[in-house]
Amino acid sequence: MEREYWGSKMGFWLAAAGSAIGLGNIWRFPYLTGANGGAAFVLIYVLIAFTIGFSVMLAEFVIGRSTKLNPVGAFQKLKGGPWQIVGWMGVAAGFIILSYYSVIGGWTIKYILSSFTGLISPNTDATNYFLNFIGNGPQAILYHAIFMAITIYVVYRGVGKGIEDTCKILMPALFLILVILIIRAVTLPGAFAGVEFYLKPDFSKITGQTLLAALGQAFFSLSLGMGAMITYGSYLGSKKASLPQSAATVTLLDTSAAFLAGFVIFPTVFAFGVEPGAGPGLTFITLPKVFAMMPGGAIWSALFFLLLCVAAITSAISLLEVVVAYMIDNLKWPRHKASLIIGGAIFLLGIPSALSNGAVPINVFGMAFLDAMDYLASNILLPLGGMLIALFVGWVILGTAKKETTTEGEFKFQPVWIWICKVIAPLVIFIIFLNKIGII
Ligand code: PHE
């Protein structure tokens with residue numbers, strides 16, 4: 001079987017940005033910012049994204065392009081032995097994250113449709129609406145199934161015709177929708193208070209917890225630590241793309257999308273005098289309440305949830321592709337079989353997540369199943385994976401890393417990058433990890 005490759009550097013960038021820009025940017029980043037004091041959090045986040053985030057992404061691109069294999073195959077080829085476990089953790093994380101990510105993706109589809117059928121109305125209690133919907137088992141499973149079917153279809157079509165072509169259309173569309181929503185938001189009367197909250201840093205709000213939240217968010221948002229960027233890097237055929245330039249571009253696109261999402265959310269909620277630090281309910285509960293007060297609210301709501309849905313689909317594709325690439329490379333399965341069977345299995349694993357939000361009490365370690373899966377992936381598998389990837393590139397394959405990052409010319413920051421991979425990133429990630437699992 002011939003391995004597939006990206007058709008162009010731009011196609012690769014848009015696919016990688018599609019993986020990175022997701023629910024993490026538009027749903028999670030604004031509520032974390034709201035809960036952590038606004039602009040000061042944004043500043044810290046940007047700093048972390050461009051140092052540690054950029055460095056781990058570049059490390060993943062190096063592993064991918066130098067082996068042209070999925071994460072498991074890549075670690076086997078470069079070193080083997082216990083290092084393979086890092087690849088396995090990545091494949092497992094892809095499987096687990098997609099199972100619940102697709103459930104939330106399904107919510108976005110439901111909310112696009114509901115915008116026109118009663119969600120956006122002064123008579124609707126948005127809190128009850130949300131809780132009733134996610135607590136309705138068959139409905140939650142139905143929308144999870146629809147979201148998974150779309151994801152499977154794209155991956156089934158392949159790297160070029162499926163992933164690349166889809167992202168080339170959806171990513172520009174995403175930025176366009178974002179700009180339209182920003183224009184609407186900042187021209188609302190009273191929007192300025194939101195802009196001020198978002199842009200005026202209050203450094204007294206920065207604590208150790210803020211730093212940790214920003215770090216965890218950077219990892220999830222940049223799709224790091226589980227081999228998504230190894231897999232996408234492995235589809236770079238020729239050496240034409242500069243890896244440092246690619247990592248910088250993707251980091252910039254991802255950070256811009258998150259930053260811009262804040263200009264939709266904060267001006268909108270401040271204009272209507274709603275509390276910005278509402279936590280995870282900010283998008284599915286607070287925003288519909290606000291849209292209901294706006295003229296033409298149904299349309300703005302549909303457009304906003306479409307944005308969220310598009311972002312989620314291009315990320316879900318990359319999660320499925322990690323597992324599918326393993327089946328194709330290592331087990332020699334044809335792509336069609338791999339996408340259908342793996343996609344189907346992930347759909348099944350997602351069912352308990354879909355049911356665990358009120359329909360059926362499915363709890364693991366005292367958390368709803370969906371939250372437990374998110375905890376396992378975001379707090380354990382991703383940071384651990386990211387730490388090991390940085391160490392691997394910094395210590396085990398340093399020669400390859402130096403070569404791969406200079407194929408298209410000089411890489412000025414190479415010494416800094418190597419130092420971050422060797423020491424800083426592993427150390428910092430280890431500290432977050434201990435904190436997240438409650439040891440410090
Ligand atoms: N980066 C995606 C988001 O922000 C989530 C993701 C994590 C995708 C890990 C792939 C791998 O929503």
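Here's what I pulled together on the structure shown here. (Residues numbered from 1 in each chain as written. Predicted model: local features only at pLDDT ≥ 70, side-chain atom pairs only at ≥ 80, totals over all residues. Heavy atoms only, no water.)

A cluster of nonpolar side chains, contributed by Trp395, Val396, Trp419, Val423, Leu427, Ile431, Ile437, Ile439 and Ile440, occupies part of the molecular surface with about 880 Å² of accessible area. Here the element with the most residues in the nonpolar patch is helix α18 (residues 414-436); it accounts for 4 residues. Note that Leu427 resides in helix α18. Residue classification places Leu427 among the exposed residues on the basis of a relative accessible area of 52%. (Patch = residues over 30% accessible without salt bridge, like charges linked within 9 Å, V, L, I, M, F, W, Y side chains within 5 Å. Areas by Shrake-Rupley, 256 points an atom, 1.4 Å probe, with all protein chains shown as cover. Salt bridge = Lys/Arg side-chain N within 4 Å of Asp/Glu carboxyl O. Helix = DSSP H or I, 4+ residues; strand = E, 2+ residues; numbered from the N terminus. Buried < 20%, exposed > 50% of the residue type's maximum accessible area, 1.4 Å probe, protein only.)

What follows concerns the site of the ligand. Neighbouring residues of the ligand: 14 residues in total, closest Ala20, Gly24, Tyr101, Phe220 and Ser223. Between Ser19 and the ligand, the recorded distance is 3.2 Å, taken from a backbone N or O atom to a nitrogen atom. Ala20 is positioned with one of its backbone polar atoms (N or O) 3.0 Å from a nitrogen atom of the ligand. Look at the ligand: alone it shows 320 Å² of surface, and the protein chains cover 100% of it. When residues of the shell around the ligand are traced back to their parent elements, those giving at least two are α1 (9-20), α2 (23-35), α10 (208-221) and α14 (297-331). Of the residues belonging to the shell around the ligand, the class tally is 6 nonpolar, 8 polar and no charged. (Near = heavy atom within 4 Å. Polar contact = N/O pair within 3.5 Å; in protein donor to acceptor, adjacent residues only side chain to side chain. Nonpolar A, V, L, I, M, F, W, Y, C, P; charged D, E, K, R; others polar.)

As a further point, take the pattern of salt bridges. Summed over all chains, the structure comprises 6 salt bridges. Among the ionic pairs, Asp329 bridges to Arg3, the shortest N-O distance being 2.6 Å. Residue Asp329 is found in helix α14, and its partner Arg3 is found in the segment before α1; the two are separated by 326 residues along the sequence. Asp329 sits in the buried class, given a relative accessible area of 12%. Ionic contacts of the salt-bridge type, sharing partners, join the residues Glu4, Glu321 and Arg335 into one network.

Before going further, it helps to examine the side chain of Thr231. Looking at the secondary structure, you find Thr231 in helix α11 (residues 228-233). For Thr231, a relative accessible area of 1% corresponds to the buried category. Here Thr231 is in contact with Pro71, Glu321, Val322 and Ala325, once residues within four sequence places are set aside. (Contact = heavy atoms within 4.5 Å.)

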